[in-house]
Amino acid sequence: MAMKASVKKRISKTAYYACLVVFSVIFLFPIYCMVLQSIVPDSYFTGIPELFPKLSELQLKTYTTVFNDVRYLYYLKNTLIVCFSNILGVCVGSSFCAYGLAKVPFKGKNIVFGVILATVLLPGVVTSIPLYIVYSKIGWNSSLLPLTVPIWFGGGAMNIFLCRQFIKGIPDSLSEAAILDGASSFKIYYSIVLPLIRPILVYLAITTFLGQWNDFQGPMMYVKDTQSKWTLSLALYKNFSEPTYSGVLPNVNMAIGVLMMIPGTILFAFFQQELMEGVTMTGLKG
Amino acid sequence: MENEKLTMETNEGGASSLGLVPKRYTLRRFKKDFGGVIYVLPTLVGILLFTLIPMLVSLHYSFHKINPHDMQNPIGEFTFDNYLRMFRSNSGDWGSVSRSLFITFRYAIVTVAVSMVGSYALALFLNKSLKGIGAFRVVYYLPCLIPAVAGTLLWANITNENTGYINLILQRFGLPKYTFYTEAKTVFPTILLMGVFGWGGNMVMWLAQMKNIPREYYEAANIDGANKLRQLINITIPMTTSMVFYILITSIINALQVFGSYYPLINGNNRSELNFIVIKIYDTAYVEHDWAYACALSWLLFVIIGSLTALIFKTSKWVYYGDEN
């Protein structure tokens, strides 16, 4: 009887792993296609392609093409400027505001919190047209300013909300001693609260990075006509949407895509713990 | 009586108290009452500058004629026409607007439902502590890390009617070709099929929430002889309703504003199937330069999203937030 049970258990475990592998094949399919398309020769895109091309035909020329093209360095620089000013803006802006909402008493706080949360509902397109007109009047269009400045004012309602949840969890006893010593609320913010909320800041930094790294809607709106300000995503979109003008073949585009996946994959693999922790904050009540 | 009242009034209005009491108030009480506002001030200024004012300007535009060629002085006369035009079927735009609304709602409802159920099942399947399970989680999440544009380009290549891998595989097995994004009628099923590869994003959220359920609940259920299905219905699902609520709200708001993933795929054949409302607004504003009408359309979307969210919040009695926090 006992042996029978263990055999049964082993069979179910094997079946479980088999399912895991089958699902993995499905989820790896786009990755496989992407990597494969990035290493096939140019001639591949003129006729009917092979599902499994000959190994000898494969080449890494696309990657050297990308690395040798100095334009992509500029796009990378622009992308990094946008990413890092957003990361800083989100972390500083949202933690500052969230600290006020979570720990500093003041009149009308609930109204302020309600107003901040309500902005989540507003579709971006509602404000985008007036902003576009204002930006073109003050000469911000075709610069990176529209993509880097607004985020410094609060860092986004959802981020403030997450930060507030996290800060609320910090026991008041930690700051009470400091208050008795005569510390100001600002001192408590940067010397006690800020070091303690590192996990949520890491979460915000990573999600902000991934969001900005992959975003092309924002850049397309403001810097589409100024090639020197393009980000990687926008460049990829331009290569793709105007193939005759750009003269870039799909295999090079796929190589850019593969390269663009690397930072996110590394971040996700290394900070899985922090990401999970940040995620659980989203489900908590305000 | 009369006299007493008079004295009180003179006292209150006395020069000494008038000078002193408010002064004490401003210094100490004011700081206590409103000192914390300094922390939310940058956010409030940001909301004012980048949300509230543009919102009102957009509303203002939507009631006027706008001349896009005169950037310094674009606003013309007052008119209701931008709103009337949306709903007029003859000489209006109702045909296109209603089509956009229909495909956007169909997209939001069906993809959110399918993705929530699918990713939940996937998370349940992965919510075990076995060797190597972490690596599988990363693998399932990988497609979510493909940059949106690269993903769109990739799917366009893979689903190409003649040269795409999927059709090559189908042909290898002697099956007929599928048209995917090429023909209007196969666009929506293709969107659903491609959506599967995005399940990893929600899966990570479910898993994080499932990990937080105390183990004792399941141990107690085991002792009581409750089977796996009962444990799912009576423990796991109720304990994750707060995440269900969060994902439901954010996914619907995001799905109603779908843009980037499909904008590059639009061509003459499939426009009627991919002309989602935000894509329509974008083209109206930045391609046709009909800004006033685009503003009116964006307010329509705002009203829809606002009322839908209010409706979901109103009916959110089923959400369990754990012990009061």
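These figures come from a predicted structure and were not determined experimentally. (Residues numbered from 1 in each chain as written. Chains lettered and ligands numbered in written order. Predicted model: local features only at pLDDT ≥ 70, side-chain atom pairs only at ≥ 80, totals over all residues. Heavy atoms only, no water.)

A short note on the state of the cysteines
Part 1 of the argument: Scanning the entire structure with this criterion turns up zero disulfides over all chains.
Part 2 of the argument: Here Cys33 of chain A stays unpaired: no disulfide links it, and the sulfur of Cys144 of chain B, its closest cysteine neighbor, is 16 Å away. (Disulfide = S-S within 2.5 Å.)

Some remarks on the pattern of salt bridges
Part 1 of the argument: Tallying each qualifying case throughout the model produces 10 salt bridges over all chains.
Part 2 of the argument: We note a salt bridge from Asp42 of chain A to Lys61 of chain A, for which the minimum N-O separation is 3.4 Å. You can see Asp42 of chain A sitting in the loop between helix H1 (2-39) and helix H2 (61-68) and its partner Lys61 of chain A sitting in helix H2, a full 19 residues away along the chain.
Part 3 of the argument: The exposure class assigned to Asp42 of chain A is partly exposed, which follows from its relative accessible area of 31%.
Part 4 of the argument: Across the pair Arg88 of chain B and Asp81 of chain B runs a salt bridge, and its minimum N-O distance is 3.4 Å.
Part 5 of the argument: Salt bridges sharing common partners tie together Arg99, Arg106 and Glu273 of chain B. (Salt bridge = Lys/Arg side-chain N within 4 Å of Asp/Glu carboxyl O. Helix = DSSP H or I, 4+ residues; strand = E, 2+ residues; numbered from the N terminus. Buried < 20%, exposed > 50% of the residue type's maximum accessible area, 1.4 Å probe, protein only.)

Digging into the environment of Ile277 of chain B
Residue and element names in this part refer to chain B.
Part 1 of the argument: With respect to the helices and strands, the residue Ile277 is situated in helix H15 (residues 277-287).
Part 2 of the argument: The buried category is assigned to Ile277, whose relative accessible area is 1%.
Part 3 of the argument: Between the C-alpha atoms of Ile277 and Gln257, which are 20 residues apart in sequence, the distance is 7.2 Å.

Concerning the interface of chain B and chain A
Part 1 of the argument: With 95 residues of chain B in contact, the opposing surface of chain A contributes 89 residues.
Part 2 of the argument: Summed over both sides, the interface of chain B with chain A buries roughly 8,600 Å², with 78% coming from carbon and sulfur.
Part 3 of the argument: Per-residue buried area on chain B facing chain A is highest for Tyr39, Phe50 and Tyr165 of chain B; these three make up 11% of the total on that side.
Part 4 of the argument: Our count for the chain B to chain A interface comes out at eight residue pairs in polar contact (both at pLDDT 80 or more).
Part 5 of the argument: In terms of residue count, the dominant contributor to the side of chain B that touches chain A is helix H3 (residues 37-62) of chain B (18 residues). (Contact = heavy atoms within 4.5 Å. Buried area = accessible area lost by both parts, 1.4 Å probe. Polar contact = N/O pair within 3.5 Å; in protein donor to acceptor, adjacent residues only side chain to side chain.)

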